[in-house]
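# Notes for the structure review
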Number of protein chains: 2
Amino acid sequence: MEFRKGKQFSISLLQNMNVVIAGSGNVANVLGRKILTGGDNIIQVAGRNKEVTEELANILNAEPITDFARISEKADLYIITVTDTAINEIATQLHFENAVIVHTAAAVSKVVLKNSSFNYGVLYPLQSLRKELTTIPPIPIYIDGNNNYTLEFLHEFAKKWAISVAVANDEKRLQLHLAAVLAGNFTNHLLAITEKFCKEKELEFKLLYPLIEETIRRVENNSPAAVQTGPAIRNNWETMQKHEEILYTNKSLKDLYTFLSKSIIEFYKLK
Amino acid sequence: MEFRKGKQFSISLLQNMNVVIAGSGNVANVLGRKILTGGDNIIQVAGRNKEVTEELANILNAEPITDFARISEKADLYIITVTDTAINEIATQLHFENAVIVHTAAAVSKVVLKNSSFNYGVLYPLQSLRKELTTIPPIPIYIDGNNNYTLEFLHEFAKKWAISVAVANDEKRLQLHLAAVLAGNFTNHLLAITEKFCKEKELEFKLLYPLIEETIRRVENNSPAAVQTGPAIRNNWETMQKHEEILYTNKSLKDLYTFLSKSIIEFYKLK
């Protein structure tokens, strides 16, 4: 999936590119701020909600647009960041000759954009993006395109600010997204559940922070399967039973505890 | 659960304490190395397996013992780090007058030590400890004791090297342990599952590291429930269905995906 080097673009095209962003949510906000760090211009932000669109346009030093018919035809790149099911509707309103048009969705094929330009593709950020966070995290970018020109264009564009740029087709992108749900969304959910449990028991959630940090820190250099700890991998049924007893008034958390303990036991094939 | 200040110990007692560790596993190894950083001495390591015990004793500059009858009577503190079910057996072999004796188990009552000394308690590390890791993580310590002397003794002892020391009785310790299983062991298991999925699909697991790091980094200053992302919280059934289709040959991972997606939906009460 490494990007294969191809012909180079003229400097005039690649410097100070003009970008239009459709959408005003988390992806538009964080990706927009990240793009500015690379030196390109965001000339318009197009969104349905006037207030939110104006707020983001202000942050990105761009023109706010709520009428999609007023989208500039002079941009080099159009990035559709709206929710999966709305991408198609917006695509049907946009028609360009050579400008590159992309969406940012993991689970939507690039083909949905095939009637919007000769050059279309995907710019997928493998990161959890929340606009309220002031620190923008490092963003690995996965690109796809219907031709080499689009792939090279997107590579040159994204490498200005992305921590890495690689190619992933529709199938690989969906697999990457699934992996991200497991390692990111589900992990965050476990922490949310833990925080709620701590509140109920009057324990400070933040006291768990050294443990959480250690759990993550060590998978940088170790396979997580090689450093699993806890009662399930030790086959310590007595402790698991005591934990389930604490949860007797909380059926959903008890079920989750049992499910994941069994999953660990199955994973390491303990009987 | 904050430690209440009481009478101070004489300096002679608190400096250069002599410690005996029973057990030679992960807790003995990591806690032992941590204790040395506080300036106290580990005079003996007692374990069943001669080779492992000698190896750890060598690391801790202590005498290796495989016959528990040869445990020194001159130590100030005895720490039993063996597996939960073996604590009682070792406790019955140990009898002291005033030396403090503790175990390190979350799910075992301190009462199991009541016949081993007038001063007994627990020294529970709220951290995931694996002896093969060269970097020792910060360790929050929870202490319990049958009297104020033991509590104060353990507080003075642990504060030399622990990131924090607080009191937790049997009930609180079990709750903390359950929270640690949710946020630590289960999180690590999700990462192990993700790594396995990546291998199967020929994706590099390490490419997810920026996402994993961001997931953890932001809960330092945000409630995880306030920064949840992903298809489940967006109620994006189409994407969840596509993910489940990828997993059609992997029933256990598919079941886990479905279970945790439903758990997220339920948690945020989306219908």
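Computed from a predicted model, the values in this text were never measured in an experiment. (Residues numbered from 1 in each chain as written. Chains lettered and ligands numbered in written order. Predicted model: local features only at pLDDT ≥ 70, side-chain atom pairs only at ≥ 80, totals over all residues. Heavy atoms only, no water.)

Right, let's get into the confidence of the model for chain A. All names here are of chain A. Scored by pLDDT, chain A has a mean of 93; 94% of the residues are at 70 or more. Confidence drops under pLDDT 50 across residues 1-7; counting only partners more than four residues distant or on other chains, this segment forms 15 contacts. Predicted complex, confidence summary: ipTM 0.90, pTM 0.90. (pLDDT = per-residue confidence, 0-100. Contact = heavy atoms within 4.5 Å.)

Before going further, it helps to spend a moment on the relation of the copies chain A and chain B. When chain A is fitted to chain B, the best match, at an RMSD of 0.0 Å, comes from turning it 180 degrees and sliding it 0.0 Å along the axis. With respect to symmetry, the two chain copies, as superposed, fit the operation of a two-fold axis. In terms of C-alpha distance to the rotation axis, chain A has A:Thr187 as its closest residue, with the C-alpha 2.8 Å off the axis. Taken together, the interface assignments show that 100% of the residues at the interface of chain A recur at the interface of chain B, consistent with an identical surface on both copies. (Least-squares fit on C-alpha atoms with pLDDT ≥ 70 in both.)

This part is about the nonpolar core. Residues A:Phe186, A:Leu208, A:Leu256, B:Phe186, B:Leu208 and B:Leu256 are the most contacted members of the largest nonpolar core, which totals 82 residues. With 15 residues, the top contributor of residues to this core is helix 6 (residues 170-200) of chain B. Setting aside residues no more than four positions away along its own chain, A:Phe186 makes contact with A:Val181, B:Leu190, B:Leu256, B:Tyr257, B:Leu260, B:Ser261 and B:Ile264. (Core = buried A, V, L, I, M, F, W, Y, C linked by side-chain atoms within 4.5 Å. Buried < 20%, exposed > 50% of the residue type's maximum accessible area, 1.4 Å probe, protein only. Helix = DSSP H or I, 4+ residues; strand = E, 2+ residues; numbered from the N terminus.)

Contact with chain A, which involves 90 residues of that partner, is made by 90 residues of chain B. For the pairing of chain A and chain B, the buried interface totals around 8,600 Å² over both sides, and the portion due to carbon and sulfur atoms is 68%. Where chain A packs against chain B, one counts 38 residue pairs in polar contact (both at pLDDT 80 or more). Among the secondary structure elements, those contributing two or more residues to the side of chain A that touches chain B are helix 4 (84-91), strand 7 (140-145), helix 6 (170-200), helix 7 (209-217), helix 8 (237-246) and helix 9 (251-267) of chain A. Ranked by residues supplied to the side of chain A that touches chain B, first place goes to helix 6 of chain A with 26 residues. Broken down by class, the residue content of the side of chain A that touches chain B amounts to 50 nonpolar, 24 polar and 16 charged. (Buried area = accessible area lost by both parts, 1.4 Å probe. Polar contact = N/O pair within 3.5 Å; in protein donor to acceptor, adjacent residues only side chain to side chain. Nonpolar A, V, L, I, M, F, W, Y, C, P; charged D, E, K, R; others polar.)

Residues and elements named next belong to chain A. Looking at the secondary structure, you find Tyr 78 in strand 4 (residues 77-80). Looking at Tyr 78, the relative accessible area reads 2%, which means it is buried. The sequence separation of Tyr 78 and Ile 101 amounts to 23 residues, and the corresponding C-alpha distance is 4.7 Å. Setting aside anything within four residues of it in sequence, one finds Tyr 78 in contact with Val 20, Ile 71, Ser 72, Glu 73, Phe 96, Ala 99, Val 100, Ile 101 and Val 102.

A few words on the packing of helix 6 of chain A against helix 6 of chain B. The contact between helix 6 of chain A and helix 6 of chain B brings their axes to 10 Å, and the two run at 180 degrees. Taken together, the axis directions place helix 6 of chain A and helix 6 of chain B in an arrangement best described as roughly antiparallel. Class assignment of the residues belonging to the contact of helix 6 of chain A with helix 6 of chain B gives a composition of 20 nonpolar, six polar and no charged. (Axes fitted to C-alpha atoms, helices over the stretch in contact; angles between N-to-C directions. Parallel < 35°, antiparallel > 145°, perpendicular 65-115°, else oblique.)

As a further point, take the sheet that holds strand 2 (residues 41-46) of chain A. All names here are of chain A. Spatially, 3-2-1-4-5-6-7-8 is the arrangement adopted by the eight strands of the open sheet, whose pairing is mixed. What marks the edges here is a single partner per strand, and that holds for strand 3 (63-65) and strand 8 (164-167). Taken over all neighbouring pairs, the strand axes of this sheet differ in orientation by 25 degrees on average, direction set aside. Pairing geometry for strand 7 and strand 8, over four bridges, is parallel. For Ile 141, the partnering residue across the bridge sits in strand 8 and is Val 165. Along the sheet face, helix 2 (residues 26-37) touches strand 1 (18-22), strand 2, strand 4, strand 6 (119-125) and strand 7 and points at about 165 degrees away from the line of strand 2. Lying on the sheet, helix 3 (residues 50-59) is in contact with strand 2 and strand 3; it crosses strand 3 at an angle near 160 degrees. (Pairing = 2+ DSSP bridges.)

Our focus in this paragraph is the side chain of A:Thr215. If you trace the backbone, A:Thr215 turns up in helix 7. By relative accessible area, A:Thr215 is classed as buried at 2%. A distance of 2.7 Å separates a polar atom in the side chain of A:Thr215 from the backbone oxygen of A:Leu211. Look past the residues within four positions of A:Thr215 in its chain and what remains in contact with it is B:Gly184, B:Thr187 and B:Asn188.

Now for the pattern of salt bridges. All names here are of chain B. Under the counting rule described, the total for this entry stands at 26 salt bridges over all chains. As a salt-bridge pair, Glu 54 and Lys 50 come within 3.1 Å of each other at their nearest N and O atoms. You can see Glu 54 and its partner Lys 50 sitting in helix 3 (residues 50-60), four residues apart, about one turn around the helix. The salt bridge involving Lys 110 is made with Asp 144; its shortest N-O contact spans 3.2 Å. Separated by 34 residues along the polypeptide, Lys 110 in the loop between strand 5 (100-103) and strand 6 (119-125) and Asp 144 in strand 7 (residues 140-145) bring together distant segments of the chain. (Salt bridge = Lys/Arg side-chain N within 4 Å of Asp/Glu carboxyl O.)

Note on placement: A:Thr229 falls in the loop between helix 7 and helix 8. Within the local environment of A:Thr229, its side chain forms a polar contact with the side chain of B:Ser128, the two groups lying 2.9 Å apart.

Another aspect to go through is helix 6 of chain B. All names here are of chain B. Its 31 residues place the ends of helix 6 43 Å apart at the C-alpha level, agreeing with the 45 Å of an ideal helix rising 1.5 Å per residue. The axis of helix 6 is deflected most strongly, by about 35 degrees, at Val 181. Where burial is concerned, most of helix 6 is hidden: 25 out of the 31 residues are buried. Just past helix 6, the residue Glu 202 takes up positive phi, approximately 55 degrees. (Expected span 1.5 Å × (residues − 1). Bend = angle between axes of the 7 residues up to and from the residue.)

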